[in-house]
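As a plain string of letters, each chain reads:
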Amino acid sequence: MALTCEDRFLIAELIAMHGHLCDSGDLDRLDEVFTTDVTYDVTDFGQGVLRGVAACAEAARALGELNPVGHHVTNVVLGERPDGRVSARSKGIGIRSDGTSGSVTYEDTVVRVARGWRISHRKVLARRVPLAG
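Report on the accompanying structure.

1. Some points on the overall build of the protein
Then, in step 1: Assigned secondary structure in the protein consists of two helices and six strands.
Then, in step 2: Seen in sequence order, the protein has helices and strands lined up from the N terminus as α-β-β-α-β-β-β-β.
Then, in step 3: Taking 133 residues into account, the globule formula puts the C-alpha radius of gyration at 14 Å, and the protein, at 14 Å, falls close to it.
Then, in step 4: Each principal axis of the C-alpha distribution contributes one length, and for the protein these read about 45 × 35 × 25 Å.
Then, in step 5: Expressed as a percentage of the 133 residues in the protein, the buried residues total 34%.
Then, in step 6: As presented, the protein carries roughly 7700 Å² of accessible surface, and 54% of it is formed by carbon and sulfur atoms.
Then, in step 7: Both charge centroids of the protein, one from 16 positive and one from 18 negative side chains, sit 5 Å from each other.

Listed below in C-alpha cells is the structure:
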C-alpha cells in the first residue's frame, strides 16, 4: 500500500495533535492520537514503558507542574513498511514554565485503525548532547 499525500498530511497532523492535547490538559482525548493499547517508551527519562492511553494520561497527571507548558513538533519524516504500518521520526521541543527548553526525538509506529491513523508505539529519546554524542 502506497502512502497518499492525504495519508502523509493526516499522519503529520496526528503527530502534532499530541502536543495540543497535552498542553491543553485534554489527556482524556489521547485516544485520538494513540491506539488504546499504545506502547509509550520513556525509559530514556527513567520512566520505563507505559502501556495504554490511560497509563499515559496518568503519568502526565502525576508529573504535574514538571510537564512542559509547550510541546512543539517538527521535522516529521515518514517511511512506509511492507506490512502497511508507517514509521515516523520527528523532533520535539519542550518549553518549561521557567523558560528553559529540551529536545527529543520521537520514533513512532503508526497504524490505520477504524477511526483513522493512530500511533501504536512511541519511543521518546532525549537529546542531551550535540551531534548524537
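2. With respect to the side chain of Thr39
Then, in step 1: Its location among the elements puts Thr39 in strand S1 (residues 34-41).
Then, in step 2: Given the relative accessible area of 17%, Thr39 is considered buried.
Then, in step 3: Apart from residues lying up to four places away in sequence, Thr39 is in contact with Val49, Leu50, Arg51, Ser120, His121 and Arg122.

3. Focus: the environment of Gly52
Then, in step 1: The topology assignment puts Gly52 in the loop between strand S2 (49-51) and helix H2 (53-63).
Then, in step 2: Taking relative accessible area as the criterion, Gly52 reaches 9% and is therefore assigned buried.
Then, in step 3: Once the C-alpha coordinates of Gly52 and Tyr40 are considered, the two residues, 12 residues apart in sequence, prove to be 7.8 Å apart.
Then, in step 4: Filtering out sequence-adjacent residues up to four positions away, Gly52 remains in contact with Thr36, Asp37 and Val38.

4. Here's the deal with the pattern of salt bridges
Then, in step 1: Across all of its chains, the model carries 10 salt bridges by this definition.
Then, in step 2: Here Arg89 and Glu107 are joined by a salt bridge, their closest N and O atoms 2.5 Å apart. Of the two residues, Arg89 sits in strand S4 (residues 86-95) while Glu107 sits in strand S5 (residues 101-113), which places them 18 residues apart along the sequence.
Then, in step 3: Where Asp108 meets Arg122, a salt bridge forms, and the shortest distance between an N and an O atom there is 2.7 Å. Separated by 14 residues along the polypeptide, Asp108 in strand S5 and Arg122 in strand S6 (residues 116-127) bring together distant segments of the chain.
Then, in step 4: The buried category is assigned to Arg122, whose relative accessible area is 0%.

Cut-offs used in this document
- Residues numbered from 1 in each chain as written.
- Predicted model: local features only at pLDDT ≥ 70, side-chain atom pairs only at ≥ 80, totals over all residues.
- Heavy atoms only, no water.
- Helix = DSSP H or I, 4+ residues; strand = E, 2+ residues; numbered from the N terminus.
- Rg over C-alpha atoms; globule rule 2.2 N^0.38 Å.
- Buried < 20%, exposed > 50% of the residue type's maximum accessible area, 1.4 Å probe, protein only.
- Areas by Shrake-Rupley, 256 points an atom, 1.4 Å probe, with all protein chains shown as cover.
- Lys, Arg positive; Asp, Glu negative; His and termini not counted.
- Charge placed at Lys NZ, Arg CZ, Asp CG, Glu CD.
- Contact = heavy atoms within 4.5 Å.
- Salt bridge = Lys/Arg side-chain N within 4 Å of Asp/Glu carboxyl O.

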